[in-house]
Amino acid sequence: MRRLFIDPGQLRSELVLQEAVTNEDGAGGHTETWEEVATVFAQVEPVSAQSAFGAGQAHERVTHRVILRFRGDVRSGMRFLKKGRALRIINVHDADETGRYLICRVREEGR
């Protein structure tokens, strides 16, 4: 497999990696909170933006690609925070299987 070249100088966006934690509420349900796992530096690239109108409101979907140094604890369902924006991780893969970098497809929440 061909090695993917990623310029480490492009990893300059500071992101907070968070994991969802569920806590029982004592009434048979649960609450979800987000716990900080790490602060990482990454390259964030917009990939696509879609807008649809339904049920009397606009539905926006913005996706990005996030490239960061390899970490074994990054998985789908987690999220990155970038200056108040939440980027939910959809999938994670090591593009050239060398254990150097991860590429995450993320969806921006709340937009």
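What you see is a predicted model; the values in this text were computed from it and never measured. (Residues numbered from 1 in each chain as written. Predicted model: local features only at pLDDT ≥ 70, side-chain atom pairs only at ≥ 80, totals over all residues. Heavy atoms only, no water.)

J.: Can you lay out the confidence of the model for the protein for me, pointing to particular residues and giving the numbers?
T.: When pLDDT is averaged along the protein, the result is 88; 95% of the residues meet or exceed 70. Model confidence for the protein, summarised as mean pLDDT per element, is weakest for strand β3 (residues 57–69) at 84 and strongest for strand β4 (residues 79–82) at 96. (pLDDT = per-residue confidence, 0-100. Helix = DSSP H or I, 4+ residues; strand = E, 2+ residues; numbered from the N terminus.)

J.: Residue-level account of the environment of E35, with values.
T.: Among the secondary structure elements, E35 is positioned in strand β2 (residues 30–54). Separated by 58 residues in the primary sequence, E35 and H93 place their C-alpha atoms 22 Å from one another.

J.: Explain the pairing of β2 residue by residue, including any values.
T.: As defined by bridge partners, strand β1 (residues 13–24) adjoins β2 across 12 bridges and the pair is classed as antiparallel. The residue of β2 that forms the bridge with T22 is E32. Hairpin connection of β1 to β2: five residues between the antiparallel strands, including G26 at a positive phi of 85°. (Pairing = 2+ DSSP bridges.)

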